[in-house]
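# Observations on chain architecture
As a plain string of letters, each chain reads:
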Amino acid sequence: MNPQAVHVRAGERVYRVLVGTGLLAGLGEMLLPVVGKSARKILIVLDDNLPELCVQACRSSVEAAGFDVTLATFSASESNKRLAAVERLLERTAMSRLDRNDVIVALGGGITGDVAGLVAAMYKRGVRVIQCPTTLLAMVDASVGGKTGVNLLVDGALLKNYSGAFHQPELVVASMDTLDSLPQRQFRAGLAECIKHAMISADWGDGDLWEWTEARLDSILDREPETLTELVARNVAVKARLVEADERETLASGGRSLLNLGHTFAHAIETLPGVFPDGDAGRTSLLHGEAVALGLIAASEAAVFAKFADRSILDRVRSVVSRAGLPTTVRGLPPAKEILTRMAQDKKAIAGTMRLILPVELGRSRVVESPPIDAVLAGIDAIDRR
Ligand code: GLY
């Protein structure tokens with residue numbers, strides 16, 4: 001079956017996101033028309049946890065297309081998502097003698113894509129990057145839209161994605177078979193971003209994504225290939241429309257910033273030490289997508305409390321999050337007021353004013369400047385604690 005192609009228009013440029021199965025084996029052929037004859041070398045930055053089969057498929061196909069390939073492994077974790085890792089990879093790129101016409105391929109999850117993208121943005125002041133996401137989260141979110149970046153560590157606190165650059169890819173290749181080895185917990189974490197997209201999609205080209213996601217959740221969780229392809233293609237299309245409308249996230253009325261639904265709550269919670277999901281995960285830190293799922297519940301309750309939305313939203317969001325196997329209960333959450341203080345320091349706050357994205361009906365959300373504090377506290381308290 002031919003891959004589905006979603007087009008993303010970013011300024012003057014248009015690039016494609018290809019969604020299908022078995023695509024990495026044809027990566028070399030796909031690259032040729034995109035990067036032209038001027039590129040000779042390809043540096044593949046890859047997550048050191050990727051299955052050998054996936055790496056070999058990618059490498060062989062790029063070599064067979066005539067490129068000179070170097071692999072650069074990267075240990076993908078939030079704590080390693082730092083400028084030091086970017087510097088090491090930049091030096092590796094220089095050792096491989098890439099010139100300005102050459103290309104970096106990012107192969108891995110969102111962290112790998114963000115770091116490799118930043119390396120591409122900086123190396124010789126910018127070389128082209130191809131994103132090959134291998135997690136659901138990276139497919140539907142991180143690989144599309146050109147945000148690259150790393151975390152900063154300030155006074156012991158991890159400031160997520162506080163430093164980076166916009167650097168749009170030339171092509172994104174999302175091959176569903178790379179998800180085969182993805183642990184179910186990581187898969188579910190990616191689903192949180194899909195639930196988020198479904199909560200904003202109605203104004204961005206997909207009026208029925210919420211209902212579709214709710215109805216297909218079981219086949220999504222079973223990773224039924226056609227359903228997965230449709231899930232990824234529809235989610236990418238929603239993100240593409242938002243990026244096209246507001247590439248640099250400057251639209252005050254809410255363009256790309258709508259993608260931050262649930263994220264101000266999530267960032268405040270996921271960077272706290274000692275907060276763990278309840279259930280099988282044991283004492284492991286929350287994954288980003290798990291924190292986003294909690295943030296979606298909190299944002300829904302805040303919207304209901306402030307009378308922006310009907311209570312049925314909260315019930316349906318909570319039910320989908322829980323059916324997706326995402327946590328609704330956490331251990332070790334500090335009092336709501338402490339979380340509120342951290343939320344006020346979020347990098348998306350402007351001139352000290354908190355901005356939240358809150359749902360108004362299923363499929364529609366909007367920007368709320370300075371939301372009522374008691375609604376935000378009620379939102380935090382909607383996250384069950386143990
Ligand atoms: N992940 C949010 C954005 O790309 O804008």
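Along each chain, residue indices are assigned from 1 in the same order as the chain's sequence is written. Per-residue local features are limited, in this predicted model, to residues with pLDDT of at least 70; the limit for side-chain atom pairs, both in listing and counting, is 80 or more; totals at the level of whole chains, interfaces and linings are taken over all residues. Derived side-chain values reflect all non-hydrogen atoms in the structure, with water molecules and hydrogen atoms excluded from consideration.

In terms of strand pairing, strand β3 (residues 41-47) meets strand β4 (residues 68-74) through 7 bridges, oriented parallel. Across the sheet, the residue bridging to D47 is F74, located in β4. Handedness of the β3-helix α2 (residues 52-64)-β4 crossover: right-handed. The criterion for strand pairing is that DSSP finds at least two bridges linking the strands in question. What counts as a helix is a DSSP run of H or I of at least four residues, what counts as a strand is a run of E of at least two, and both are numbered from the N terminus. The definition of a right-handed crossover adopted here requires that, viewed with the strands pointing away, the path from the first strand over the helix to the second runs clockwise.

Further remarks concern the pairing of strand β9 (residues 171-175). Of all 5 residues making up β9, 5 are buried, and the element is well covered by its neighbours. Accessible area is worked out with a 1.4 Å probe on protein chains only. A residue is then buried under 20% of its type maximum, exposed over 50%, and partly exposed in between. The two faces of β9 match: L171, V173 and S175 on one face and V172 and A174 on the other face are all buried. In terms of strand pairing, strand β2 (residues 13-20) meets β9 through 5 bridges, oriented parallel. Across the sheet, residue V19 finds its bridge partner in β9, namely A174. By the bridge criterion, 2 bridges tie strand β6 (residues 128-133) to β9 in an arrangement that is parallel. Its bridge partner being in β9, Q131 is matched across the sheet by V172.

Here we take up the packing of helix α7 (residues 209-221) against helix α8 (residues 225-245). For any two helices packed against each other, one specifies the inter-axial angle together with the distance between the axes. Note on geometry: axes are C-alpha line fits, over the in-contact stretch for helices, and angles between N-to-C directions span 0 to 180 degrees. Two elements in contact, α7 and α8, have axes separated by 10 Å at closest approach and are oriented at 150°. Accordingly, the angle class assigned to the pair α7 and α8 is roughly antiparallel. The handedness of the crossing between α7 and α8 is left-handed. Contacts between α7 and α8 pair L209, W212, R216, S219 and I220 from the former with T227, L228, E230, L231, R234, N235 and V238 from the latter. These descriptions rest on fixed angle ranges, namely under 35 degrees for roughly parallel, over 145 for roughly antiparallel, 65 to 115 for roughly perpendicular, and the rest for oblique. Each crossing gets its hand from how the near helix is turned against the far one by less than a right angle, where anticlockwise is left-handed and clockwise is right-handed. Any two residues whose heavy atoms approach within 4.5 Å at even a single point are treated as in contact.

Counting through the fold element by element, S143 comes out in the loop between α5 (136-142) and β7 (147-154). Counting along the chain gives 35 residues from S143 to G108, while the straight-line C-alpha distance between them is 9.8 Å. If we skip the residues at most four places from it in the chain, S143 touches Q131, P133, A138, P169 and V172. Here a polar contact means two N or O atoms within 3.5 Å. Within protein one must be a hydrogen donor candidate and the other an acceptor candidate, and residues neighboring in sequence count only if both atoms are side-chain atoms. A polar atom in the side chain of S143 sits 2.7 Å from the backbone oxygen of A138.

One open sheet accounts for 3 strands, arranged β10-β11-β14; its pairing is mixed. Two strands bound the open sheet, and with one partner strand each, they are β10 (276-277) and β14 (384-385). In the sheet, strand β11 (residues 329-331) pairs with β14 via 2 bridges, with the strands oriented parallel. Following the sheet pairing, V330 is matched in β14 by R385.

Right, let's talk about helix α6 (residues 184-198) for a bit. To estimate the expected span of a helix, subtract one from its residue number and multiply by 1.5 Å. Here α6 spans 21 Å end to end across 15 residues, near enough to the 21 Å set by a 1.5 Å rise per residue. The element α6 is largely enclosed, with a buried count of 11 among its 15 residues. Taken together, the buried positions of α6 are F187, A189, G190, L191, A192, E193, C194, I195, K196, H197 and A198. Where α6 is buried, its residues meet α5, α7, α8, α9 (263-270), α10 (288-305) and α11 (311-323).

This part takes up the packing of aromatic side chains. Note on aromatic contacts: the rings of Phe and Tyr and the six-membered ring of Trp form a pair at centre separations within 6.5 Å, being stacked when their planes are under 30 degrees apart, edge-to-face when over 60 apart, and tilted otherwise. All chains considered together, the criterion is met by 0 aromatic pairs. Lysine NZ or arginine CZ positioned within 6 Å of the ring centre and within 35 degrees of the ring normal marks a charge as sitting over the ring. For R223, the ring lying beneath its charged end belongs to F187, and the centroid distance is 4.3 Å. Note that R366 overlies the ring of F308, its terminal NZ or CZ placed 4.9 Å from the centroid.

If you check the shell around the ligand, you find D141, K147, K239, E249, R256 and L259 and nothing else. Between the ligand and the protein, one listed contact pairs a nitrogen atom with a side-chain N or O atom of D141 at 3.0 Å. Between R256 and the ligand, the recorded distance is 2.7 Å, taken from a side-chain N or O atom to an oxygen atom. Under the convention used here, a 1.4 Å probe and the Shrake-Rupley method define accessible areas, while residue burial counts only the protein chains that appear. Compared with its free state, where it exposes 200 Å², the ligand has 87% of that area covered by protein. When at least one non-hydrogen atom of a residue lies within 4 Å of a molecule or strand, that residue is treated as near it.

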